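For reference, the chains in residue letters:
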Amino acid sequence: MAAGSSFQKSISLPIKGMHCASCVGRVEQALKGVPGVADANVNLATERAQVRFDGAVETQSLITTIEGLGYAVPKQTSHLAIDGMTCAGCVRRVEQALLSVPGVSEASVNLATERAAVTGNADIPTLIAAVAETGKSAHPIGQDDHPAQDTASKRDDETRHLKNRVIIAGLLTLPVFILEMGSHLVPGMHHFIAQTIGIQASWLLQFALTSAVLFGPGRSFYRQGIPALMKGAPDMNSLVAVGTMAAYLFSVVATFVPALLPDGTVNVYYEAAAVIVTLILIGRWMEARAKGRTSEAIQRLVKLAPKTARVRRDGKTVEVEVSSVAAGEIIEVRPGERLPVDGEVIEGATFVDESMITGEPVPVSKEPGATVIGGTVNQTGSLVFRVTAVGTDTMLAQIIRLVEEAQGGKLPIQAMVDKVTMYFVPAVITLALLTFGVWIVFGPDPALTFGLVNAVAVLIIACPCAMGLATPTSIMVGTGRGAEMGVLLRRGEALQVLKEVRVVAFDKTGTLTEGTPSLTDLEVTNGFDAQTVLSHIAAVEAKSEHPIARAIVEAAGAQDLVLPAASDFESVTGMGVSANAGGRTVQIGADRYMTQLGQDVSVFGDIAERLGREGKSPLYAALDGQLAAIIAVSDPIKPTTPAAIDALHALGLKVAMITGDNSRTAHAIANRLGIDDVIAEVLPEGKLEAVRTLKAAHGQLAFVGDGINDAPALAEADVGLAIGTGTDVAIEAADVILVSGSLAGVSNAIALSKATIRNIKQNLFWAFAYNTALVPVAAGILYPAFGILMSPVFAAGAMALSSVFVLGNALRLRTWTPKMPDASGNSVNSGALNVAPAE
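Calculation rules
Residues numbered from 1 in each chain as written. Predicted model: local features only at pLDDT ≥ 70, side-chain atom pairs only at ≥ 80, totals over all residues. Heavy atoms only, no water. UniProt positions renumbered as here; feature names shortened; annotations may be inferred. Helix = DSSP H or I, 4+ residues; strand = E, 2+ residues; numbered from the N terminus. Buried < 20%, exposed > 50% of the residue type's maximum accessible area, 1.4 Å probe, protein only. Contact = heavy atoms within 4.5 Å. Areas by Shrake-Rupley, 256 points an atom, 1.4 Å probe, with all protein chains shown as cover. Core = buried A, V, L, I, M, F, W, Y, C linked by side-chain atoms within 4.5 Å. Patch = residues over 30% accessible without salt bridge, like charges linked within 9 Å, V, L, I, M, F, W, Y side chains within 5 Å. Salt bridge = Lys/Arg side-chain N within 4 Å of Asp/Glu carboxyl O. Expected span 1.5 Å × (residues − 1). Arc of directions from axis to C-beta. pLDDT = per-residue confidence, 0-100. Phe/Tyr/Trp six-rings, centres within 6.5 Å; stacked < 30°, edge-to-face > 60°. Axes fitted to C-alpha atoms, helices over the stretch in contact; angles between N-to-C directions. Parallel < 35°, antiparallel > 145°, perpendicular 65-115°, else oblique. Pairing = 2+ DSSP bridges. Polar contact = N/O pair within 3.5 Å; in protein donor to acceptor, adjacent residues only side chain to side chain. Nonpolar A, V, L, I, M, F, W, Y, C, P; charged D, E, K, R; others polar.

In the nomenclature of an unreviewed UniProt entry, the chain corresponds to P-type Cu(+) transporter from the organism Roseibium alexandrii. The annotation that UniProt attaches to the chain under Sequence similarities (unreviewed entry) is "Belongs to the cation transport ATPase (P-type) (TC 3.A.3) family. Type IB subfamily." The chain has a UniProt comment under Subcellular location (unreviewed entry) that states "Cell membrane".

A word on the overall build of the chain
Across its full length, the chain carries 30 helices and 31 strands. Within the chain, the fraction of its 839 residues that count as buried is 53%. In the chain, of all internal contacts separated by at least 6 residues, the share reaching a separation of at least 24 is 69%. Carbon and sulfur atoms form 57% of the exposed surface of the chain, whose accessible area is close to 35,200 Å².

Description of the nonpolar core
Ranked by size, the top nonpolar core spans 133 residues in total, and within it L98, V504 and F506 carry the most contacts. Filtering out sequence-adjacent residues up to four positions away, F506 remains in contact with T511, L512, I645, L648, V655, A656, M657, I658, F703, V704, L743 and V746. Membership of the second largest hydrophobic core comes to 24 residues, among which are A566, L623, I631 and V633.

Remarks on the UniProt feature "transmembrane region" (unreviewed entry) in the chain
Look at the UniProt record and you will see "transmembrane region" (unreviewed entry) annotated at residues 166–186, 192–215, 236–261, 267–286, 420–442, 448–471, 764–786 and 792–811. Helix makes up 81% of residues 236–261 and strand makes up 0%, while its end C-alpha atoms are separated by 30 Å. Secondary structure across residues 267–286 comprises 85% helix and 0% strand; the distance between its end C-alpha atoms is 33 Å.

Considerations on a nonpolar patch on the surface
On the surface, a cluster of nonpolar side chains totalling about 580 Å² of accessible area is made up of L431, L434, V438, I440, V441 and F442. You can see I440 is positioned in helix α14 (residues 412–442).

Some thoughts on helix α1 (residues 21–32)
Compared with the 16 Å implied by 1.5 Å per residue over 12 residues, the 17 Å span of α1 between its first and last C-alpha is a close match. Turning to α1, its buried residues number three or more, namely C23, V24, V27, E28 and L31. When α1 is viewed along its axis, its buried side chains cluster within an angular range of 125° and face the same direction. Of the exposed residues in α1, those oriented more than 90 degrees away from the buried face are A21 and Q29.

A short note on the pattern of salt bridges
Counted by the stated rule, this structure contains 15 salt bridges. A salt bridge links E332 to R312, with the shortest nitrogen-to-oxygen separation between them at 2.6 Å. Of this pair, E332 sits in strand β10 (residues 330–333) while R312 is found in strand β8 (residues 308–313), placing the two residues 20 residues apart along the sequence. A salt bridge links R584 to D624; the nearest nitrogen and oxygen atoms lie 3.0 Å apart. Separated by 40 residues along the polypeptide, R584 in strand β22 (residues 584–589) and D624 in the loop between β23 (618–623) and β24 (626–634) bring together distant segments of the chain.

So, the confidence of the model for the chain
Residues with a pLDDT of 70 or more make up 85% of the chain, whose mean pLDDT is 80. Here strand β31 (residues 827–828) stands out as the least confident element of the chain, with mean pLDDT 38; β10 is the most confident, with 93. Segment residues 1–8 is flagged for pLDDT under 50; beyond a separation of four residues in sequence, or across chains, it makes 27 contacts in the model.

Considering the packing of aromatic side chains
As enumerated under the stated definition, the model contains 11 aromatic pairs in all. Seen from their ring centres, F207 and F256 are 5.1 Å apart, and the 80° between their planes marks the pair as edge-to-face. Of the two residues, F207 sits in helix α7 (residues 199–215) while F256 sits in helix α9 (residues 236–256), which places them 49 residues apart along the sequence. Among the aromatic side chains, those forming a connected cluster through ring pairs are F207, F215, Y222, Y248, F256 and Y270.

Overview of the packing of helix α8 (residues 219–230) against α9
α9 packs onto α8 with a crossing angle of 105° between their chain directions and a minimal axis gap of 7 Å. Taken together, the axes of α8 and α9 are roughly perpendicular relative to one another. Across from F221, Y222, Q224, G225, I226, A228 and L229 in α8, the residues of α9 making contact are N237, S238, V240, A241, V242, T244 and M245.

Observations concerning the sheet that holds strand β3 (residues 48–53)
Read from one edge to the other, the open sheet built from 3 strands follows the order β1-β3-β2, with strand pairing classed as antiparallel. Both outer strands of the open sheet, β1 (10–14) and β2 (37–43), are each paired with one neighbouring strand and no more. Strand-to-strand, the axes of this sheet are offset by a mean angle of 15°, without reference to chain direction. In this sheet, β3 lies alongside β2 in antiparallel orientation, the contact comprising 6 bridges. Counterpart to A40 in the pairing with β3 is V51.

Some details on the environment of T479
Mapped onto the secondary structure, T479 falls in helix α16 (residues 465–484). By relative accessible area, which is 2% here, T479 ends up buried. Residues T479 and A749, spaced 270 residues apart in sequence, show a C-alpha to C-alpha distance of 9.7 Å. At 2.7 Å, the side chain of T479 forms a polar contact with the backbone oxygen of I475.

Digging into the sheet that holds strand β12 (residues 350–353)
Sheets are built from strands paired through backbone hydrogen bonds, the pairs being either parallel or antiparallel. If you walk across this open sheet you meet the 3 strands as β13-β12-β15, and the pairing is antiparallel. A single partner strand is all that each edge strand has here, and the edge strands are β13 (364–366) and β15 (377–378). Across 2 bridges, the pairing between β12 and β15 is antiparallel. Looking across to β15, one finds that D353 is bridged to V377.

Observations concerning the packing of helix α15 (residues 447–461) against helix α28 (residues 744–779)
Where α15 meets α28, the closest approach of the two axes is 8 Å, and the angle between their N-to-C directions is 170°. Here α15 lies roughly antiparallel to α28, going by the angle between them. Facing N454, A457, V458 and I461 of α15, the residues of α28 in contact are N771, L774, V775, A778 and A779. Among the residues making up the contact of α15 with α28, the classes are represented as 7 nonpolar, 2 polar and no charged.

A look at the pairing of strand β4 (residues 76–83)
Two elements, β4 and strand β6 (residues 115–120), share 6 bridges in a ladder whose sense is antiparallel. Across the sheet, Q76 pairs through a bridge with G120, a residue of β6. Here β4 runs beside strand β7 (residues 137–141); their pairing, made up of 5 bridges, is antiparallel. Looking at the pairing, A81 lines up with H139 of β7.

Put into structure tokens, the structure is as follows:
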């Protein structure tokens, strides 16, 4: 990117790694040696270099020079609010202007959110100046600002302002419409007007009223459209401005200097200009109302956080603003109240409704030691908790930020739309001029009138505002709906990629299973009591740190069993353990240990066989030399796992499992769950290769994991889905986060992707095909055969309805619910949109 822009003669670059004045001198000297650089000033305190140049300088050459000295030039992402965009053409031009700024590597502009995300090293004033070159205005917003909240009042103001303009325009346009169209539609109306106020007086009145409409409520079309046209970058406003002004000026000439027009062409089209402006204002008003509803999911999340909190300070409980609460402080919450911030319970027991965060409807039990999330609702009991996160560090704030980032992202399908709309407006203007020329040359009398009317109709019907809204509005509503279901998309692009997934691979431990071993089976022989046996086994295992031992001790604790004192603990390598517990000899181990002790384990033969089929390794216990019990400890499958696997199969997807567990256990679990492909006994680094193998075999792959060792696989997959209850490393490597930890979120995410992409395609078809199909009709292609012409008034109405339809269709996603298979495999809980199987 060359630097010869009219709005930039310098660039400011951040530099990391400088420690002293010597560093500063080295960097300055090196930068001044770059061809085209006039001066360089490096500031150690701010860690920035201000580089001025008088020639063409590649920003990358400056960065390469600095990095060659051993210092780093970090990229930063700036967020701008853009005002004045009306169509996809505006989006494309603003993006190109930003990308032309030296130091900018990426720029993404979103019409629905009216935001731009710019990555690189350019400073904010330069970016704002670049946007101003396109005729739009911009101002910076912080990354931690909540645009859904900040722009809610702005949208309300915009909607009210548009409503007022519509009312004024409507009141002024109605008499014009009655005077002119009434003469054509109502028999005798033309004669009545001629006999009363007269035709000339009627035209003068229409002139006055139409002028008030165009230069009053409709002046924004000309204030924005004409400059854009003069700069060679016409947008939707330009089309409206040119079309209405052509009709208006022709009518002015016909009214005041009719001698300039050929015979038979003296007529006025004030009503076309006035009605077009009024209809398009109505469309924009409806758009503004609908846009406000696209981000309702975020607005609801923002409103979850209470404004005040009761904090224990200086021995008293005081109510303070949440913004003044600090980490480590103690908060009190009464039944029925929302929790103000994140924390750890230290007093009380209750149930908390976390559905607005996780999407899970069942309230969660909270006792001392449990974590609580700000914005959730305390239901039954009083709670006291210690604050662990405030402000932008709370889970609610992070969720809001993730969803906003996803809503501001662009899908690959949008790139095609941007390319088309970049050339669409100039093509329409060319087509309108061609239409005018063809009617002038080949049209019947009055050719000038026919040419003008049809050219205006072409300009109006082809406005591409619906195209610009087609993709971002669906993304906004879709990602918002996902957040309500506990599915967070860290990248908006994941919405499109998920639809193409052909295989879903799961990590086993902590993803398909609970991740912690627990006692799943305990059967005793005749003459023994299960609780007595368990208490003695647990007393012995309490001496061990093995995970299986801890699971047995926890099981005894869950039943409130009193453990006898244990002594003489001995570990028999490869066999088991023995000890004295409560005066009884206890021996625990595998079947070979029991055989060595002379015990006959065949009495548990059927049970042992079943446990083996389930992938569990049985252990045996003997008390005082008698075989007492068979036990099994395993990592239990999550309750949501079977239904989640069934749902993925219902979507036509293959399901695979990648695990470091032994092959026998892995295949046993896979058989129980109906998993199609198993890759077992892989080391953490082997998961990456396993993902590549599955991708080669099946196609695009989604990987679901929760642990640190899953991070490389999550990053390698086409789409990585992290269990929200997992580690931060795994979550950072993923594209999608399942907040609740429920695997139902996997099929929900894929189904949501299919529904959203289908919604986008419907929008694009309506916006693009509809406009394209009607342009020839507006040009008059049906006139020679059928005598049909499209009035510019109807063209304006159709164009406005196109945008409203696109927004209305996108809003259907707000009530979308996925189909989930029941036990018979049939789909239940069907939402407004069907989920098609993978293609």
